[in-house]
Amino acid sequence: MKRIVVFGRIPNPTFDYYLAARLEAPDMPPYEVADIRGRERPAVDADGAFVILCRYASPSVLRWIESNAEHLSGVGMLLDDDIPAVVTGRDADFFYRLFLWYRALWPLRRLSRHLDIVWASTAHLASRLAAAKAVVLPPAPPKALWASRQENADARGRMNDDVLIGYHATGVHLEEHRFLRPIIAEVLRERPQVRFEVFADRRARAIWQDLERVQIREPMPWTDYLADANAGRVDIMLVPLAPSHVNDSRAPTKRIDVARYRAAGVFSAGAAYGHASSGAELRPAYDPTSWRQVIFQLVDDLEGRDNAAIATRMAVLQMTLAAGTGFEALRAR
């Protein structure tokens with residue numbers, strides 16, 4: 001192996017959360033990253049390259065792998081979602097499910113004969129990929145991805161005692177929007193100092209209409225989201241996960257977003273974040289009563305918010321430290 005070549009729709013959170021820091025680890029070979037969104041044939045040297053496909057493939061990348069197979073040192077694929085469950089489920093909209101089928105499932109028929117290793121983000125997802133003998137690769141973000149935020153952004157809300165609660169969802173969490181809506185409506189009614197912001201696609205927007213002190217924001221590209229986080233503020237970040245096949249396979253990557261905002265996180269109890277509250281980090285069961293209780297507790301207790309934020313940042317720091325070993329599976333090549 002002379003180098004590592006990563007193909008994907010980059011920049012994206014999967015690359016940053018799982019690959020970026022590991023590729024920079026000591027004793028790892030040089031690497032390059034190629035965006036697959038164009039139709040051009042990849043302009044990379046295949047001789048001795050180990051290819052990592054980050055979630056997706058494209059027709060041009062498949063052709064490139066097939067034509068250069070004898071020159072490559074290996075091919076691996078990283079998966080961080082139970083994509084078949086997303087495609088067959090109902091929370092994601094039709095066009096996203098079609099995209100996943102075309103870019104993530106259809107290529108496997110041709111790609112499988114070339115794959116030497118499949119990485120999965122969680123043990124549960126690896127069990128769903130048992131036929132591929134998937135290796136678990138937990139998230140391990142670079143510290144700069146979550147710890148570069150300016151300290152002065154945290155103080156703005158404390159000066160006037162307002163509390164900003166955020167739910168930064170992707171387009172596959174329609175059920176969680178429905179779950180949170182009555183909870184947030186009650187919190188806003190009982191606590192006039194609270195404001196709420198939510199990222200909602202065209203289907204979820206209607207759920208949040210007609211609530212005062214609610215800002216509905218459009219989902220944004222990954223790099224814009226990072227810039228927005230570094231300039232903005234959230235005091236309490238909500239991370240609900242409804243029981244589902246898709247969520248059973250989720251990794252705790254939302255901890256990284258919570259840490260970036262220096263927010264107090266509220267995480268669903270379950271496989272991703274743990275089955276009970278541990279220390280200062282709060283993980284209520286997925287029921288309205290538990291979530292209302294925890295949110296009111298954090299709104300009313302500034303010290304509790306600080307403790308919860310610190311606990312999540314320490315958990316994310318442990319993820320980052322794990323990146324120092326690089327890719328164990330590639331060291332022997």
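Enquirer: Any chance you could explain the nonpolar core here in plain terms?
Expert: Generally speaking, soluble globular proteins have nonpolar side chains that are buried together. By size, the foremost hydrophobic cluster in this structure holds 43 residues, and its most contacted members are Val6, Phe15, Leu19, Ile52, Trp119, Met237 and Phe327. Elements supplying a minimum of two residues to this core: strand S1 (3-8), helix H1 (13-23), strand S3 (49-54), strand S5 (117-120), helix H10 (222-231), strand S10 (236-239), helix H12 (254-261) and helix H14 (302-321). Element by element, the count of residues in this core is highest for H1, at six residues. Once you skip the residues sitting within four places of it in the chain, Ile52 turns out to touch Ile4, Val5, Val6, Phe7, Leu19, Gly76, Trp119 and Phe327.

Enquirer: Honestly, the sheet that holds strand S7 (residues 163-168) in this entry has me stumped. Any pointers?
Expert: Through backbone hydrogen bonds, the strands of a sheet pair up, either in parallel or in antiparallel fashion. Across the sheet, five strands lie side by side as S9-S8-S7-S10-S11; this open sheet has parallel pairing. In this open sheet, the two edge strands, each paired with only one partner strand, are strand S9 (214-217) and strand S11 (264-267). Between one strand axis and the next, the sheet turns through 20° on average, direction left out of account. With four bridges connecting them, S10 and S11 associate as parallel partners. The residue bridging Met237 from the neighbouring strand is Gly265, located in S11. Where helix H8 (residues 174-190) meets the sheet, its contacts fall on S7, strand S8 (194-199), S9 and S10, and the angle it forms with S8 comes to roughly 165°.

Enquirer: It is not clear to me how the sheet that holds S1 should be interpreted in this structure. Could you clarify?
Expert: Spatially, the six strands line up as an open sheet ordered S2-S1-S3-S4-S5-S6, and their pairing is parallel. Edge strands, defined here as strands with exactly one partner in the open sheet, are strand S2 (31-35) and strand S6 (135-136). Looking at chain direction, S5 and S6 are connected through two bridges and run parallel. By the bridge assignment, Ala120 is partnered in S6 with Val136. In the packing of helix H2 (residues 59-67) onto the sheet, the strands contacted are S1, S3 and strand S4 (74-79), and the crossing angle to S3 comes to about 155°.

Enquirer: When you look at empty space enclosed by the protein in this model, what are you seeing that I'm missing?
Expert: Regions of empty space are outlined by a rolling probe, equal in size to a water molecule, passed over the atoms. Summed over all chains, the structure comprises one cavity of 30 Å³ or more. Roughly 40 Å³ of internal volume is contained in the largest cavity. Every residue lining the largest cavity is listed: Ala169, Thr170, Gly171, His173, Leu174, His177, Phe199, Ala200, Asp201, Arg203, Ala204 and Pro219.

Enquirer: Before we go on, may I ask you to explain the pattern of salt bridges in this structure?
Expert: Once their charged atoms are close, side chains differing in charge can pair, the charge on each being opposite to the other. For the structure on display, the rule yields 21 salt bridges. Among the ionic pairs, Asp81 bridges to Arg250, the shortest N-O distance being 3.2 Å. Linking Asp81 in the loop between S4 and helix H3 (83-88) with Arg250 in the loop between helix H11 (245-248) and H12, this pair joins segments that are 169 residues apart in sequence. On the accessibility criterion, Arg250 (15% relative accessible area) is buried. Each of Arg55, Asp80, Asp81 and Arg250 takes part in salt bridges that share partners, so that together they form one network.

Enquirer: Would you explain helix H4 (residues 94-105) in this entry?
Expert: Three or four residues apart is the spacing at which side chains of an α-helix point the same way, because the helix has 3.6 residues per turn. Among the residues of H4, Leu100, Arg103 and Ala104 are the ones counted as buried. All buried residues of H4 project into a common sector of 90° when viewed along the axis, lining one side. Looking at the buried side of H4, the elements it contacts are H2, H3 and helix H5 (108-111).

Enquirer: Looking at this model, I keep getting lost on the packing of aromatic side chains. Mind explaining?
Expert: Two aromatic rings are characterised by how far apart their centres lie and by the angle between their planes. Tallying each qualifying case throughout the model produces 11 aromatic pairs. Taking 4.0 Å as the distance between ring centres and 20° as the angle between the ring planes, the aromatic pair formed by Phe179 and Tyr286 counts as stacked. Separated by 107 residues along the polypeptide, Phe179 in helix H8 and Tyr286 in the loop between S11 and helix H13 (288-300) bring together distant segments of the chain. Of the aromatic side chains, those joined through ring pairs into one cluster are Tyr17, Phe199, Trp222, Tyr225 and Tyr261. A cation over an aromatic ring shows up here: Arg255 above the ring of Phe267, its NZ or CZ 5.6 Å from the ring centre.

Calculation criteria
Per-chain numbering applies: the sequence of each chain, read as written, is numbered from 1 onward. Side-chain atom pairs in this predicted model are given and counted only at pLDDT of 80 or more, local residue features only at pLDDT of at least 70, and totals for whole chains, interfaces and linings cover all residues. Water and hydrogen atoms were dropped before computing side-chain values, which therefore reflect all heavy atoms in the structure. Residues enter a nonpolar core if they are buried and are Ala, Val, Leu, Ile, Met, Phe, Trp, Tyr or Cys, with the set joined through side-chain atoms within 4.5 Å. Think of it in three bands: with a 1.4 Å probe and only protein chains considered, a residue is buried below 20% of the maximum accessible area for its type, exposed above 50%, and partly exposed in between. Only DSSP runs of H or I covering at least 4 residues are called helices, and only runs of E covering at least 2 are called strands; the numbering of each starts at the N terminus. Residue contacts are counted whenever heavy atoms from the two residues lie within 4.5 Å of one another. By this definition, two strands are paired if DSSP reports at least two bridges between them. The axes are straight lines fitted to the C-alpha atoms, using for helices just the contacting stretch, and the angles between their N-to-C directions are given from 0 to 180°. Think of a 1 Å grid over just the protein atoms. A cavity is a set of points where a 1.4 Å probe fits yet cannot get out, a pocket is an open set with protein on both sides within 12 Å along at least five of seven lines, and lining residues have an atom within 4 Å of a point. Grid points are joined across faces, edges and corners, and a volume is the space filled by probe spheres set on the points. For this analysis, a salt bridge means a side-chain nitrogen from Lys or Arg found within 4 Å of a carboxyl oxygen belonging to Asp or Glu. Taking the helix axis as origin, the arc is that swept by the directions to the C-beta atoms. Note on aromatic contacts: the rings of Phe and Tyr and the six-membered ring of Trp form a pair at centre separations within 6.5 Å, being stacked when their planes are under 30 degrees apart, edge-to-face when over 60 apart, and tilted otherwise. Two limits define a charge over a ring: the Lys NZ or Arg CZ must be within 6 Å of the ring centre, and within 35 degrees of the ring normal.

The quantities given are spatial measurements derived from coordinates; they are silent on function.
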